[in-house]
Amino acid sequence: TDEQQAALTAILDQSDARPQLLHGITGSGKTEVYLQALEEFRRRGQGAIVLVPEISLTPQLLSRFSRRFPGEVAVWHSDLTPRERKQEWLRLVSGQAKVVVGARSAVFAPVKDLGLIIVDEEHEPSYKQEDSFRYHARDVAVLRSHFFKCRVILGSATPSMESFLQARKGKYNHLRMTKRATKASLPNIKLIDLKDPNERFEMGDDGKRVSWLTQTLVNELRKNLEKKEQSLLFLNRLGYSQFLICRDCAHTWRCKQCEVSLTYYKSSLTLKCHYCMSEFRSPNLCENCQGKNLETVGLGTEQVENTIKELFPQARIARLDRSVVTTRKQLEATLKQIADGEADIVIGTQMLAKGHDYPGITLVGVLMADATLNFPDFRAEERTYQLITQVAGRSGRGGKPGRVFLQTYTPAHRLFEWLDENRQIDFFQHELDLRERYAFPPFARLALIRLNDRDAGRVEHYSHNLFNFATRLKEIHQLDVTLLGPSESPLVKLNGKYRWQILVKSGSVNQLQSLLKSLQKKSLDDKTRVAISWDVDPQQVL
């Protein structure tokens, strides 16, 4: 298309060395721009790195790149066996493979004559390595492009606030693609109020109410089945329900290692912790009062699948989440089933929300559209906007128009207004105004100091000790930093360790680093037994 050609021309313009922010709506053909750009760099004899945020996106993208560049593409992600990893590494080092497609660690791949780095879905938080050696693959890609004097493309339908601001300042070249490559229009978005009594849905002979399903969405699913078109139901929660509760004494089952509620899985009759991966047999009696009145609370993809099968027994259902897709073969088989049109209704988590191109999907239902809006995170609205926009973009990518239905308890929330009217730039500007007012990234740099110990008293005491030392340093050296804390982390105990945290904000990265180095030196001098992690630019603070 004309927009794709304009973007490609800008990317290949060697007189502009800035990073290229390829900001194209879902279905605008960003992948084809990547491929055309890579063809030119290959003609020049140069290699490339192509980053994707999820391993689940690798097979589809790998297939497209391998067809265009047969024999030249290596794959790199954590699911490779040691033998596979060695083989791919040797292919890259020898120059046999000139292109690597992979997850975040592929940003370090030893590609010969590196000329191009592509970061697809650059807004994704999964590009941040949150433990051990901490880095953000997108930022490393930009830095590596500077060192190697090569081109970097950051692609997304919903750019991160950091990249959008860089484009606003002119530090990144902002390339817009506002139309779908197939000439198809963006799907119509309709809000459904879960509080509306007219939307109340009951099923079965006993008239059992299904609180998370509305009459409108059920009717639309039925229409799609009759037309033999595919539907997608999105819910970013695993399991059958969020927790198990005793109705007699209100006892809930929590992980003893992590102090979080255990997720209930009906298919295996188990309770699982999604943090330490502990698993327990689901009880028949309350461990607190020996009562028998146990009940599940909350919603997960397993419950959605069971209900939809009961509601539409003739429909072919495919479920894609990390509890059912545990191997690469299972993943590829499920994705092929969807692509071949052998699934009428697809149920999934954020694994389905980005990057996938299935022309047969014409209906998307977001079951709990406001589920992430109230997270204790300054990025909550940004993440919700990105997630819904991405999942909505799976609809109507073929020749037939798409429809998207968002079920929500807060239809009047300003976020849904911007979604419905596709006023993305207005949303970005509003979010940037808020961030600037309260001095949060991208207008300030943030560091998370996380303290862990098996002794609750020791970690609390040392957190206050470190915070007081940081306060004195700030006053003595008149540092322009803000200290928040110390406080218990929102997830106060994980893997048997109690967690406290201190947040540091500053408009100056030099002052931020100076304070962190002093604090790190103190912790080493103190020879504290408390484990401390230092995370600059954290993507989550839970």
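Right above here is the structure, for reference.
Rules used in this analysis
- Residues numbered from 1 in each chain as written.
- Predicted model: local features only at pLDDT ≥ 70, side-chain atom pairs only at ≥ 80, totals over all residues.
- Heavy atoms only, no water.
- Buried < 20%, exposed > 50% of the residue type's maximum accessible area, 1.4 Å probe, protein only.
- Helix = DSSP H or I, 4+ residues; strand = E, 2+ residues; numbered from the N terminus.
- Pairing = 2+ DSSP bridges.
- Patch = residues over 30% accessible without salt bridge, like charges linked within 9 Å, V, L, I, M, F, W, Y side chains within 5 Å.
- Areas by Shrake-Rupley, 256 points an atom, 1.4 Å probe, with all protein chains shown as cover.
- Salt bridge = Lys/Arg side-chain N within 4 Å of Asp/Glu carboxyl O.
- Phe/Tyr/Trp six-rings, centres within 6.5 Å; stacked < 30°, edge-to-face > 60°.
- Lys NZ or Arg CZ within 6 Å of the ring centre and 35° of its normal.
- 1 Å grid on protein atoms, 1.4 Å probe; cavity = no way out; pocket = protein on both sides within 12 Å on 5 of 7 lines; lining within 4 Å.
- Points joined across faces, edges and corners; volume = space filled by probe spheres on them.
- Nonpolar A, V, L, I, M, F, W, Y, C, P; charged D, E, K, R; others polar.
- Axes fitted to C-alpha atoms, helices over the stretch in contact; angles between N-to-C directions.
- Contact = heavy atoms within 4.5 Å.

Draft legend 1. Structural context of the pairing of strand E4 (residues 99–102). Covered by surrounding structure in E4 are Val99 and Val101 together with Val100 and Gly102, the residues of both alternating faces. Here four bridges tie strand E2 (residues 47–51) to E4, and the two strands are oriented parallel to one another. Counted as the bridge partner of Ala48 is Val99 from E4. In this structure, strand E3 (residues 73–76) lies alongside E4, joined through four bridges in parallel fashion. Across the sheet, Trp76 pairs through a bridge with Gly102, a residue of E4.

Draft legend 2. Summary view of a nonpolar patch on the surface. Taken together, the side chains of Trp89, Leu90 and Val93 present a nonpolar region at the surface, about 260 Å² in accessible area. Structurally, Val93 is set in helix H4 (residues 82–94). Its relative accessible area of 32% is what places Val93 among the partly exposed residues.

Draft legend 3. How the structure looks around the packing of aromatic side chains. Under the counting rule described, the total for this entry stands at nine aromatic pairs. With 5.5 Å between their ring centres and 35° between their planes, Phe133 and Tyr135 make a pair best called tilted. Connected via pairs of aromatic rings, a cluster forms that spans Phe164, Tyr385, Trp418, Phe427 and Phe428. Positioned above the aromatic ring of Phe148, the side-chain terminus of Arg144 is 4.8 Å from the ring centre. Here the guanidinium or amino end of Lys522 rests over the ring plane of Phe469, the centre of that ring lying 5.0 Å away.

Draft legend 4. Up close: empty space enclosed by the protein. Overall, the coordinates contain two cavities of 30 Å³ or more when judged by the stated rule. In this structure, the largest cavity spans a volume of roughly 50 Å³. Considering the residues around the largest cavity, the lining is formed by His123, His136, Arg138, Ser160, Glu162, Arg379, Glu382, Arg383 and Gln539. Its boundaries defined by the atoms lining it, the second largest cavity holds a volume of some 40 Å³. As for the second largest cavity, its lining consists of Leu194, Asp196, Glu199, Arg200, Arg209, Val210, Ser211, Leu213 and Thr214. In the lining of the second largest cavity, the residues fall into three nonpolar, two polar and four charged.

Draft legend 5. Highlighting the pairing of strand E11 (residues 200–203). Of the two faces of E11, the one lined by Phe201 and Met203 is fully buried and the one lined by Arg200 and Glu202 carries no buried residue. As paired strands, E11 and strand E12 (residues 208–214) are joined by three bridges and run antiparallel to one another. Each bridged residue has a counterpart across the sheet, and for Glu202 the counterpart in E12 is Arg209. The hairpin turn running from E11 into E12, its antiparallel successor, is four residues long, and Gly204 in that turn takes a positive phi close to 85°.

Draft legend 6. Spotlight on the sheet that holds strand E26 (residues 531–536). The four strands are arranged E24-E25-E23-E26 in an open sheet whose pairing can be described as antiparallel. Strands with a single pairing partner mark the edges of an open sheet, and in this sheet they are strand E24 (481–494) and E26. On average, each strand axis in the sheet is inclined to that of its neighbour by 20°, with strand direction left out of account. Both E24 and strand E25 (residues 497–506) contribute to a ladder of eight bridges, which runs antiparallel. Each bridged residue has a counterpart across the sheet, and for Lys493 the counterpart in E25 is Tyr498. Against the sheet, helix H13 (residues 456–477) touches strand E23 (445–453), E24, E25 and E26, its axis set at about 170° to E24. Contacts from helix H14 (residues 509–526) reach E23, E24, E25 and E26, with the element oriented near 170° to E26.

Draft legend 7. Inspection of the pattern of salt bridges at higher detail. According to the stated counting rule, one finds 35 salt bridges in the structure shown. When the shortest N-O distance is used, the salt bridge between Glu32 and Arg68 registers 3.0 Å. With a gap of 36 residues between them, Glu32 in helix H2 (residues 30–43) and Arg68 in helix H3 (residues 58–68) connect regions that are remote in the sequence. Among the residues examined, Arg68 registers a relative accessible area of 30% and is labelled partly exposed. Lys521 serves as the salt-bridge partner of Asp525, at 2.9 Å between the closest nitrogen and oxygen. On the criterion of helical spacing, the pair formed by Asp525 and Lys521 is a turn pair, its members being four residues apart in helix H14.

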